[in-house]
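Here's the letter readout for the chains.
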Amino acid sequence: MAELEPGTSEHARVRAALIEVNVPLVRYAAARFRGRSEPMEDVIQVGTIGLINAIDRFDSTRGVQFPTYALPTILGEIKRYFRDNVRTMHVPRRLQELWVQVSGAMEELTVAHGRTPRIPEIAARLRIPEEDVRDCLDAGRAYNAASLEAAQESEGGLALLDRLGYEDAALTDVEHRDMVRHLLVQLPERERRIIMLRFFGNLTQSQISSELGMSQMHVSRLLARIFARLRSSNAWES
């Protein structure tokens, strides 16, 4: 895209294609904010703005892979949206920034222990006082309030109260997705695209084979080779 003249139809076509192929990255980033009261489609729309900004500002001559550059930009746009538009009360900036660390630690500890982490565990993970964790958790509840009895259209009319204790069927995929995210930038372009389609686009091997114009058996062999390569890498062990 950098070689094309801005404003031309070809430049617009390539730009639109780049946006479309990277939407799974936006959905991956938006999934981190699934537990909040904002509709997920709104969060994805905000994240797409961050993606477009990343595409327009990306400099391929710096030797940085695009997903590595784009993900912080997308997350930053979403976090700015929640910080500026979604809170029902003012929260000190220090707690807003700390909330990002606490929520990340909670995700990691939930995956590691298979349950919601306790305050002392979060504090130990981040090496901060337990009181700071408590203050931060209180601040995290300062988003738009939703009634427990309010019907959720996306959940077939069930109220939040009816969904307490709901078990997310995709929880087992969290650890795998986190590993893929860190290792994605190490892969060649074709292998990275296959991983993006499989784990971020949720496509089956049959759908990937149709998308890339190769046999399903070839896709299966490539995935096996990719997994073997990732498992043998130093980054995987760390």
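The structure displayed is predicted, hence computed values, not measured ones.

**A look at the nonpolar core**
In this structure, V43, L51, I74 and I78 are the most contacted members of the largest nonpolar core, which totals 36 residues. Those elements giving two or more residues to this core turn out to be α2 (23–30), α3 (40–57), α4 (66–86), α9 (189–200) and α11 (216–232). Broken down by element, the residue count for this core peaks at eight residues, all from α4. Built from parts of two domains, this core gets at least three residues from each of domain 1 (9–86) and domain 3 (187–234).

**Here's the deal with unusual backbone geometry**
Unlike most non-glycine residues, R127 shows phi in positive territory, near 60°. With respect to the element layout, R127 can be found in the loop between α6 (119–126) and α7 (130–140). Taking relative accessible area as the criterion, R127 reaches 79% and is therefore assigned exposed.

**Re the environment of A70**
Its location among the elements puts A70 in helix α4. Judged by relative accessible area, which is 0%, A70 ranks as buried. Here the alpha-carbon distance between A70 and F58, two residues twelve residues apart in the chain, equals 8.2 Å. A70 has contacts with L25 and A54, leaving out every residue within four places of it along the chain.

**Points about the packing of aromatic side chains**
Going through the model one piece at a time under the given rule, you end up with two aromatic pairs. Ring centres of F58 and F66 lie 5.3 Å apart, and the angle between their planes is 85°; this geometry places the pair in the edge-to-face category. For F66, a relative accessible area of 15% corresponds to the buried category. Each ring, one from F58 and one from Y69, has its centre 5.6 Å from the other, and the planes form 55°; the classification is tilted. Residue F58 is located in the loop between α3 and α4, and its partner Y69 is located in helix α4; the two are separated by eleven residues in the primary sequence. Of the residues examined, F58 reaches a relative accessible area of 26% and is grouped as partly exposed. You can call Y69 partly exposed: its relative accessible area is 28%. Taken together, the ring pairs connect F58, F66 and Y69 into an aromatic cluster.

Scoring rules and cut-offs
- Residues numbered from 1 in each chain as written.
- Predicted model: local features only at pLDDT ≥ 70, side-chain atom pairs only at ≥ 80, totals over all residues.
- Heavy atoms only, no water.
- Core = buried A, V, L, I, M, F, W, Y, C linked by side-chain atoms within 4.5 Å.
- Buried < 20%, exposed > 50% of the residue type's maximum accessible area, 1.4 Å probe, protein only.
- Helix = DSSP H or I, 4+ residues; strand = E, 2+ residues; numbered from the N terminus.
- Domains from an automatic or database assignment.
- Contact = heavy atoms within 4.5 Å.
- Phe/Tyr/Trp six-rings, centres within 6.5 Å; stacked < 30°, edge-to-face > 60°.

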